[in-house]
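Letter by letter, the chains look like this.
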Amino acid sequence: MSESNGVPLLLKAARGQKVDRPPVWMMRQAGRYMKVYRDLRDKYPSFRDRSENPDLAIEISLQPWRAFQPDGVIMFSDILTPLPGMGINFDIVESKGPVIDPPIRTQAQIDNLRTLDPEESLPFIKTILNSLRSEVGNQSTVLGFVGAPWTLAAYAIEGKSSKNYSVIKGMAFSQPQMLHQFLAHIADSIAIYIRYQIDCGAQVVQMFDSWAGELSPQDYETFALPYHQRVVKQVKETHPDTPLILYISGSAGILERMSQSGVDIVSVDWTLDMAEARARLGQDMKVQGNMDPGVLFGSKDFIRDRILDTINKAGDSGHIMNLGHGVLVGTPEENVEHFFATAKEFRY
Ligand code: CP3
């Protein structure tokens, strides 16, 4: 097979090359909506075991691959996974979500953080990504991912999932220097982590700043955007050819600002019409998304119509079909299958 034939579809689209249909994958495609995942979770109840034992993480990453042959296979992990390597412990507690105990609230805690050394603290990531690459070959693209500084800081400072982000905003608006020191530390470690994922086999890396949409535009420019730029700049210095995707939930008010991060692809949530997102981002920016995950609770015909509508609005290049956020718990697996089959049948 020649080099160009060997490049998988998602990687081609992410580079802006001509493709005959949009590649398709789903955020959170490995996880609780799948019965095989729930069965495995019953056997291995600890999330950290499932994501840090390479055999389990590889198996879980491949569950959606075997079921639906998506064009992207994302490693099973979590945005919080690198935190212990910086000196911040976490767990994921059933029905409660992430727990960081003790939360990061003081200057002394921030001064004591370590810079991430992935070879030392995340050796399982190498095994996972290496195996995924050899497992899917050129049939699919292996995606790595990280959390962005604002969202990781939000978990570390709040100590858990938050509704209104009052603790981190309290810090932002009364001790901004301390928060900036923390965000800069996370940014530098996350850049190291992305480079490591790429060296281990990740072909595209998505950065999730899931909760940056909780910031006003001016605060996004102060507490999120500069750290996107800091991460992207460091990664592009050594790995200029690996496409980077940025996802923010609730990003309609800051869409143009997201382009200033330096990423190659903006992942668009569903509160924005895809045609408008294209118009606002310009033809040079590639896009991902943006179907409402709730559509997968609808009828087959409705799902098909919405997929085609999204693809048509996104235009015939530089679009990766995806949902506007992660697939929801309780989504019927047959509708996920229909989502993939419909997108894969499409031709421009
Ligand atoms: O996409 C994939 O298939 C890879 C798996 C993946 C997980 N977390 C596994 C997981 C990815 C990409 C993530 C990213 C992640 N983690 C984000 C960004 C994506 C987004 O949705 O905005 C965020 C904000 C987190 C933090 C986090 N971890 C949350 C909010 C939760 C869910 C809490 C809950 O119980 O509802 C987790 C735990 C987690 N990470 C689960 C999975 C499958 C569920 C727990 C379980 O399966 O036991």
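Preceding block: the structure.
Just so you know, these numbers come straight off a predicted model, no measurement behind them. (Residues numbered from 1 in each chain as written. Predicted model: local features only at pLDDT ≥ 70, side-chain atom pairs only at ≥ 80, totals over all residues. Heavy atoms only, no water.)

A. Representation of helix α5 (residues 54–68) in the model. Between the first and last C-alpha of α5 there are 22 Å, a value that for 15 residues agrees with the 21 Å anticipated at 1.5 Å per step. Maximal helix bending in α5 amounts to about 30°, located at Leu-62; proline Pro-64 follows within four positions. Three or more residues of α5 are buried, namely Leu-56, Ala-57, Ile-58, Ile-60, Ser-61, Leu-62, Gln-63, Pro-64, Trp-65 and Phe-68. Packed against the buried residues of α5 are α3 (35–43), α4 (47–52), β1 (72–74), α8 (123–136) and α17 (333–345). Among the residues of α5, the N-terminal cap falls to Asn-53, whose side-chain oxygen and the backbone nitrogen of Asp-55 are separated by 2.9 Å. Phi turns positive one or two residues past the end of α5, at Gln-69, with a value near 45°. (Helix = DSSP H or I, 4+ residues; strand = E, 2+ residues; numbered from the N terminus. Expected span 1.5 Å × (residues − 1). Bend = angle between axes of the 7 residues up to and from the residue. Buried < 20%, exposed > 50% of the residue type's maximum accessible area, 1.4 Å probe, protein only. Contact = heavy atoms within 4.5 Å. Polar contact = N/O pair within 3.5 Å; in protein donor to acceptor, adjacent residues only side chain to side chain.)

B. Focus on a positive patch on the surface. Residues Lys-96, Arg-105, Lys-160 and Lys-163 make up a contiguous surface patch of positive charge. Inspection of the secondary structure puts Arg-105 in the loop between β3 (97–99) and α6 (107–111). (Patch = residues over 30% accessible without salt bridge, like charges linked within 9 Å, V, L, I, M, F, W, Y side chains within 5 Å. Areas by Shrake-Rupley, 256 points an atom, 1.4 Å probe, with all protein chains shown as cover. Salt bridge = Lys/Arg side-chain N within 4 Å of Asp/Glu carboxyl O. Lys, Arg positive; Asp, Glu negative; His and termini not counted. Charge placed at Lys NZ, Arg CZ, Asp CG, Glu CD.)

C. Examining the packing of α3 against α5 more closely. Interaxial distance between α3 and α5 falls to 9 Å at its minimum, and their mutual angle equals 160°. Our classification of the angle between α3 and α5 gives roughly antiparallel. α5 is crossed by α3, and the crossing has left-handed handedness. For the pair α3 and α5, contact is made by Val-36, Tyr-37 and Leu-40 and by Leu-56, Glu-59, Ile-60 and Gln-63, respectively. (Axes fitted to C-alpha atoms, helices over the stretch in contact; angles between N-to-C directions. Parallel < 35°, antiparallel > 145°, perpendicular 65-115°, else oblique. Left-handed = near helix turned anticlockwise from the far one by under 90°.)

D. Up close: the side chain of Thr-242. Tracing the backbone shows Thr-242 in the loop between α13 (225–238) and β6 (244–247). A relative accessible area of 9% means that Thr-242 is categorised as buried. Those residues in contact with Thr-242, other than ones at most four positions away along the chain, are Ile-198, Ala-202, Gln-203, Val-204, Val-205, Lys-236 and Asp-264.

E. Layout of the site of the ligand. In the region of the ligand, 24 residues are neighbours, and Tyr-37, Arg-50, Asp-78, Ser-210 and His-325 sit closest. One of the side-chain N or O atoms of Tyr-37 is found 2.5 Å from an oxygen atom in the ligand. Within the side chain of His-325, a nitrogen or oxygen atom sits 2.7 Å from an oxygen atom of the ligand. Burial of the ligand by the protein amounts to 90% of the accessible area it has alone, namely 870 Å². Taking a 2 Å distance to the grid points as the criterion, the majority of the atoms of the ligand fall inside the largest pocket. Going through the elements one at a time, α3, α4 and β3 are the ones with two or more residues in the shell around the ligand. Residue composition of the shell around the ligand, by class: 14 nonpolar, five polar and five charged. (Near = heavy atom within 4 Å. 1 Å grid on protein atoms, 1.4 Å probe; cavity = no way out; pocket = protein on both sides within 12 Å on 5 of 7 lines; lining within 4 Å. Sits in = over half its atoms within 2 Å of the grid points. Nonpolar A, V, L, I, M, F, W, Y, C, P; charged D, E, K, R; others polar.)

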